[in-house]
Amino acid sequence: MRGPAFLEQLEAALPGAVTGTKLDALDPWVEVAPERIAEVCGWLKHKSPVRFDAIECITAIDWFEPDPKKAAKVAWQPHLEMVYHLWSTGSRVSLVLKCSLPRWKGDVPGQIPEIPSVTGVWRSADWHEREVYDLSGVLFTGHPDLRRILCPEDWEGHPLRKDYEMPLEYHGIRGR
Amino acid sequence: MASVADDPRIIEFDVRTDEMLVNMGPQHPSTHGVLRLVLRTDGEIVSEIEPHIGYLHRCAEKIGENLTHRQFIPYTDRMDYLAAMNMNLGWALAVEKLMKYEVSEKARHLRVLICELGRIASHLVGMGAYGLDLGTFSPFLYAFREREKILDLFEEACGARLTYSYITVGGLTADLPPGWLAKCEKFLDQFEPIIKEYHALLTTNAIFVKRTAAIGVLSREMAIDYGCSGPVLRGSGVDQDMRRDGEAIYTAMYDGYAFEVAVMKDGHYPRDHEYPPVPADAVLGDCWHRFFVRMLEVVQSMDLVRQSIDRYASAKGTIGEPLKLTEKMPAGDAYLETEAPKGQMGFYVVSDGAAIPWRARARSSSFSNLSVAPELCKGCLIADVPAIVGSLDIVMGEIDR
């Protein structure tokens, strides 16, 4: 199901969309080019042999080490990783998609990176993407209503970024 | 959903008045916590609702990035605080999946026992509070009376009544005290006939049926599309239960247990001869069915508790020791969904090889279940909004995290 045969079909249908795989991981995952994520998800929901009709979770992981001493030792380059957990209610199998994004668009701090929204594929992605936008700072292009969902509307920054600093004060409330 | 225009009970449908925005919450008693709904209404008819969430946001995921895997357990308690045992289990299993750790057989059966009791307690609150939403106070008292007894059992097992932190990474914090199983069996024996009372109070109550049948109908497709799970999904006729369909590490916990997923198949619920019949007005996917699935799960959980008591008592060995607080996790990531009372609770652990997760993510079931509310409330009456939101059985601690 999640084996090489399935990947070949995906590759044949959408050439160049898959940029890497790791099938021996605990949850085998497929890496997708970020600009083609909506296209791949659409294929997985409507055309793939296993119809992934539900998306369970959308997450972003900030791979960034604020401590320069530790940062010198890490094996990875700073980046933002998007993770999509898909589920097929018919076949009862899951699939993990990953995308790698720059931490800031054009390396300008404060400019959050962009990725196409998958709300057109699954309605549940709406709130999940709003949450990722709110907490991790990813701009979903094509999202119908991209606003903060958990933090107040006038909150600054994205708390789940590793270099986030809690504000000293928010409307007269001491932050730290 | 049937349009309001077709409803014979509504006579003055064509009377158009000015649109009005009505604010409901965040302190409204029928929003189950600090949920704020903004209703766009025209007379009695709601054209649109918009949930505003985040009043209880603590960014538990950020907290998880600063604590070791076991230290995060108490924070999972505070997600779904009505079923804290099941939250503990979700996180513990996700970490165990990443560490490829297997708990002892005795611990496995004890986990089933505790989690199924937790499910009963959670559904009792769901049931009682749903009665409150619809304006009947007594079922709430009947439900809480029984829930107290479960909390007493939990208190005896782990010392806490709400935030247990009992199930932990690598097992459980303590074994059961002597005599506990007998007390648990005694509780089950006296609880079993009481379920009939609940059915008399709510399930078959004519007013209750009128308020819930054919209200807020959630179609199968919509339920899947919105990522609904748990009783909300099964109430729409989707045969899915992570205890049976989930990942090996979770389904192995229920290995050898006999239970039937509470979902309507070919017009029948499992063992439906034992329960009151489905009212003629009810449509699959409406508030009544969501409620009824929960009631069936109470009985199902009771069966599972009975089975686990025997297995736990006959299992050899001990429940084992929980992992050390600072036990390192291998680098990698693991996502695991468990069937919590309110739906599929997913935990995602990302590790860079330390004991502290690089990223701790909680996929909340209530979060997705609530996201369908605006769709369900389109065109309903104002009085149906609490009925619909209540039938989703949400808990804000889990949504806002």
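Each value, and the rule that gives it
For every chain, the first residue of the written sequence is number 1, and numbering continues from 1 onward in sequence order. As a convention, the first chain written is A and the first ligand written is 1, with the rest following in written order. Only residues with pLDDT of at least 70 get local features here, since the model is predicted, and only at 80 or more are side-chain atom pairs given and counted; chain-wide, interface and lining totals rely on the full set of residues. Only DSSP runs of H or I with at least four residues qualify as helices, and only runs of E with at least two residues qualify as strands; both kinds are numbered from the N terminus onward. Two things to know: the radius of gyration comes from C-alpha atoms, and the globule rule equals 2.2 Å times the number of residues to the power 0.38. Think of it as a crowd count around each C-beta: if 20 or more other C-beta atoms lie within 10 Å the residue is buried, if 12 or fewer it is exposed, and in between it is partly exposed, with C-beta placed from the backbone throughout. By the convention adopted here, residues make contact when the C-beta atoms placed from their backbones lie within 7 Å. Each axis is a line fitted through C-alpha atoms, taken for helices only over the stretch in contact, and angles between the N-to-C directions span 0 to 180 degrees. Crossing handedness is read from the near helix: turned anticlockwise from the far helix by less than a right angle, it gives a left-handed crossing, and turned clockwise, a right-handed one. Lys, Arg, Asp and Glu make up the charged group, whereas Ala, Val, Leu, Ile, Met, Phe, Trp, Tyr, Cys and Pro make up the nonpolar group; the residues left over, Gly among them, are polar. For two strands to pair, DSSP has to find at least two bridges joining them. Throughout, the term roughly parallel applies to angles under 35 degrees, roughly antiparallel to angles over 145, roughly perpendicular to angles from 65 to 115, and oblique to all others. Any set of buried Ala, Val, Leu, Ile, Met, Phe, Trp, Tyr and Cys residues joined through C-beta atoms within 7 Å is what this text calls a nonpolar core. Confidence of the predictor at the level of single residues is given by pLDDT, which spans 0 to 100.

Asks: Sorry, what's going on with the overall build of chain A here?
Replies: Along chain A, the regular secondary structure elements total four helices and nine strands. Each helix (α) and strand (β) of chain A, taken in turn from the N terminus, gives the series α-β-β-α-β-α-β-β-β-α-β-β-β. Taken over the C-alpha trace, chain A has a radius of gyration of 18 Å; the compact-globule value for 176 residues is 16 Å, and the two agree within 12%. Across its three principal axes, chain A shows a C-alpha extent of roughly 55 × 40 × 30 Å. Among the 176 residues that make up chain A, the fraction classed as buried is 35%. Counting contacts in chain A only where the partners sit at least 6 residues apart, residues at least 24 apart contribute 50% of the total.

Asks: I would appreciate a short explanation of the packing of helix α13 (residues 287–314) of chain B against helix α16 (residues 384–391) of chain B in the present structure.
Replies: Axes are the key here: two packed helices are described by the angle between their axes and the distance separating the axes. All names here are of chain B. Two elements in contact, α13 and α16, have axes separated by 9 Å at closest approach and are oriented at 35 degrees. Crossing hand, α13 versus α16: left-handed. Counting all contacts with α13, which are made through Cys-287, Arg-290 and Phe-291, the residues of α16 involved are Ala-387, Ile-388 and Ser-391. Broken down by class, the residue content of the contact of α13 with α16 amounts to four nonpolar, one polar and one charged.

Asks: Before we go on, may I ask you to explain the interface of chain A and chain B in this structure?
Replies: Between chain A and chain B, the residue contacts involve 23 residues of the former and 29 residues of the latter. Among the elements that make up the side of chain A that touches chain B, the one with the highest residue count is strand β3 (residues 54–63) of chain A (six residues). Taken together, the residues of the side of chain A that touches chain B break down into 13 nonpolar, four polar and six charged.

Asks: I would appreciate a short explanation of the sheet that holds strand β2 (residues 36–42) of chain B in the present structure.
Replies: Whether parallel or antiparallel, the strands of a sheet pair through hydrogen bonds between backbone atoms. Residue and element names in this part refer to chain B. Pairing is antiparallel across the open sheet formed by three strands, whose spatial order is β1-β2-β3. Two strands lie at the open edges of the sheet, namely β1 (19–24) and β3 (45–52), each paired on one side alone. Taken pair by pair, the neighbouring strands of this sheet meet at an average axis angle of 20 degrees, ignoring direction. Sheet topology note: the β2/β3 ladder contains seven bridges and is antiparallel. Within β3, the position partnered with Arg-36 by the bridge is His-52.

Asks: It is not clear to me how the packing of helix α5 (residues 138–158) of chain B against helix α6 (residues 180–191) of chain B should be interpreted in this structure. Could you clarify?
Replies: All names here are of chain B. Between α5 and α6, the least distance of the axes is 11 Å, while the angle of their chain directions is 170 degrees. Classified by the angle between their axes, α5 and α6 sit roughly antiparallel to one another. Here Glu-146, Lys-149, Leu-153, Glu-156 and Ala-157 of α5 come into contact with α6, specifically with Trp-180, Lys-183, Cys-184, Phe-187 and Phe-191. Looking at side-chain class alone, the contact of α5 with α6 contains six nonpolar, no polar and four charged residues.

Asks: Would you mind showing me how to read the sheet that holds strand β7 (residues 343–351) of chain B here?
Replies: Residue and element names in this part refer to chain B. The strand order β6-β7-β8 describes an open sheet built from three strands, whose pairing is antiparallel. At either end of the open sheet lies a strand with only one pairing partner, and these are β6 (332–340) and β8 (359–363). Between one strand and the next, the sheet's axes are offset by a mean angle of 15 degrees, whatever the strand orientation. Across nine bridges, the pairing between β6 and β7 is antiparallel. Bridge pairing in β7 places Leu-336 opposite Phe-347. The sheet contacts of helix α3 (residues 84–99) involve β6 and β7, and relative to β6 the element is tilted by about 150 degrees.

Asks: Can you help me understand α16(B) in this one?
Replies: Owing to its 3.6 residues per turn, the α-helix brings residues three or four apart onto one side. Residues and elements named next belong to chain B. Where burial is concerned, most of α16 is hidden: eight out of the eight residues are buried. Buried residues of α16: Asp-384, Val-385, Pro-386, Ala-387, Ile-388, Val-389, Gly-390 and Ser-391, and no others. On its buried face, α16 sits against β2, β3, α4 (105–133), α8 (206–212), α13 and α15 (373–376). Phi turns positive one or two residues past the end of α16, at Asp-393, with a value near 50 degrees.

Asks: Can you help me understand the nonpolar core in this one?
Replies: A general trend in soluble globular proteins is that nonpolar side chains are found buried together. Ranked by internal contacts, the top residues of the largest apolar core, which has 154 residues, are Leu97(A), Met85(B), Ala94(B), Val95(B), Val349(B), Ala373(B) and Ile388(B). Take this core: its biggest share by element is 13 residues, from α4(B). Setting aside chain neighbours within four positions, we find Ile388(B) in contact with Ile215(B), Gly216(B), Cys287(B), Ala373(B), Leu376(B), Cys377(B) and Cys380(B).

Asks: I tried to follow the confidence of the model for chain B on my own but got confused; where do I start?
Replies: Detailed reading of the predicted model is not advised wherever pLDDT is low. On average, chain B scores 87 in pLDDT, and the residues at 70 or more come to 95%. Reported for the predicted complex are a pTM of 0.89 and an ipTM of 0.89.

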